[in-house]
Amino acid sequence: MYLDGKIYMGLSQDGERVNMSLPMCNRHGLIAGASGTGKTITMKCMAESFADAGVPVFLCDVKGDVSGLCVPGVSNEGMEKRIDRFGLRDVFQYKAYTTTFWDIYGENGHPIRATVSDMGPELLSRILGLTAAQEGVLNILFRIADDHGLKLIDLKDLKAMISYVGDHKDDYILTYGNIAQQSLGGILRALLPLEAQGGDLFFGEPDLDIHDWIRTDSNGKGMINLLDSVRLVQNPKLYSMFLLWMMTELFEVLPEAGDAAKPKLVFFFDEAHMLFTDAPSVLVQKIEQVVKLIRSKGVGIYFVTQSPSDIPDSVLAQCSNRVQHALRAYTPAEQKAVRSAAQAFRVNPAFKAEDVIMELGVGEALVSFLDDEGVPGIVQRTKIICPQSLMAQADPVSRAAMFQSDGMSKYDQMVDNESAYEIIQGKKAEDEERAKLEAERLAFEKEKAEYEKQKAKEEEAARKKAEKEAEAARKKAEKEAEAARKKREKEEEAERKKAAARKAKIESQLISAGGQVLKRGLLGLLKKR
């Protein structure tokens, strides 16, 4: 409960109020304890207090029972006794908190979506557990997409990009480096379990504007954002990816806030061990880095888990506000975990923390918060106060009323804008059309070549025929000319013979005639003598 500028969390054994300092709440925190010891109630009380202080809250509902935040609590004998025990009679009131319900699957709340580009190659490769070579190829994929205006929005965009680059890798090697087919196949294989867990629903548009979680209602109270995680926690890869993306997105989007009077936003990550189970060291380092740096953005992160040992030491060291509910110690490993949890607190000489952790009842916890100067307080055995909202699931009517009035309906319908998939499909269609046209061109060229070949063959045959006919005609003409020549020569010879005969005849006649003349002349001459 938010009282006098502090968050009142309960009463110590000495009857003193145990408070959280609001300016120190962005130093992160841990709520731990065995199942059934009261972690969820503690988380709800903190969430209500932050909301009353005007701090927006985000929390995960892994069992479905946190939804009662949107419904006023119900008076009963036990609640009334607790109200009096904590000295809240004059200030306590059962009330509902303005709650926005979210659900990655879109079943019990507004969908939460992010784009593949927002996730980025580094974060995605770590979530997928890619090798160094595969991560390098994934970076190349993102770079090619950026350079060619191919938006990576959803998983089908990324898968289309992998296929496209695989088909055209020879075109990119000299510009971006080697792209091994095996690495592309490895990335596709790693995407399969993520897609099966609901990654195809998480990646898309409209993507979440993180500022929609940083809202207050008309009374200045922080609005509570509740992620229905009942189904989500059954898919640990998607759950851990969402949590890591959310922290990274907040760190990158929010401006530096410095030391403010209160946090800008507080997150509660229930079942936080899922974020770290089987996580590679590089992923843990990334989480540690974000947790360290996000404090300066005015964001507080509270991990809720069964044992502090579920959280890596490097991250646990950043959790300065701690609520430790009861732990069980039946095995050597559990006993070691109890000792580690006890040693994390500043010693209270009044009791031995290691023993008390195993004696705590439901609703009790060992608590240590930072004071106004940032100094860890002495650990206190504390009875946690009761929430003002319903300690059970909200009824469907109350949930529906909140759902209809929260102003976040813009996220309800997925929008499939043009992105890498559509562009690549268009390119493939263009390539197929070009290939079809090229095939038609080649077929036409082949048909044309065959036609021209046939035509040339026919023309050659015609030419040869013409030449043959011309040769035959020439020979015939020559033969006829020769025959004519011979005939002409024969005729000329006959004519010559005739002429010779005529000449001879004429000569003969002339000779004969001359003889006669000569004879008559001689006779006449003789006569004269």
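The structure reproduced in this document is the subject of the present report. Every value quoted in this text rests on a predicted model; they were computed, and no experiment measured them.

Considerations on the overall build of the protein chain
- If you tally the helices and strands in the protein chain, you get 15 helices and 12 strands.
- For 529 residues, the compact-globule estimate of 2.2 N^0.38 gives 24 Å, and the C-alpha radius of gyration of the protein chain, at 52 Å, exceeds that figure by more than 25%.
- Once the C-alpha set of the protein chain is aligned to its principal axes, its extents read approximately 215 × 45 × 40 Å.
- The burial tally for the protein chain puts 45% of its 529 residues in the buried class.
- When contacts within the protein chain are restricted to residue pairs at least 6 apart in sequence, long-range pairs at least 24 apart make up 77% of them.

Examining empty space enclosed by the protein
- In total, this model carries 2 cavities of 30 Å³ or more according to the counting rule given.
- By volume, the largest cavity amounts to about 40 Å³.
- What lines the largest cavity is Ile153, Asp154, Gly204, Glu205, Met414, Val415, Asp416 and Asn417.
- Class assignment of the residues belonging to the lining of the largest cavity gives a composition of 3 nonpolar, 2 polar and 3 charged.
- Of the pockets and cavities examined, the second largest cavity occupies roughly 40 Å³.
- In this structure, the second largest cavity is lined by Leu30, Ala32, Pro308, Arg322, Val323, Gln324, Ala341, Ala344 and Phe345.
- Going through the elements one at a time, strand E4 (29-32) and strand E10 (321-324) are the ones with two or more residues in the lining of the second largest cavity.
- In terms of residue count, E10 provides more of the lining of the second largest cavity than any other element does, 3 residues in total.
- The residue makeup of the lining of the second largest cavity, split by class, is 7 nonpolar, 1 polar and 1 charged.

Definitions and limits used
- Residues numbered from 1 in each chain as written.
- Predicted model: local features only at pLDDT ≥ 70, side-chain atom pairs only at ≥ 80, totals over all residues.
- Heavy atoms only, no water.
- Helix = DSSP H or I, 4+ residues; strand = E, 2+ residues; numbered from the N terminus.
- Rg over C-alpha atoms; globule rule 2.2 N^0.38 Å.
- Buried < 20%, exposed > 50% of the residue type's maximum accessible area, 1.4 Å probe, protein only.
- Contact = heavy atoms within 4.5 Å.
- 1 Å grid on protein atoms, 1.4 Å probe; cavity = no way out; pocket = protein on both sides within 12 Å on 5 of 7 lines; lining within 4 Å.
- Points joined across faces, edges and corners; volume = space filled by probe spheres on them.
- Nonpolar A, V, L, I, M, F, W, Y, C, P; charged D, E, K, R; others polar.

Take it as geometry only, folks, not as evidence of what the structure does.
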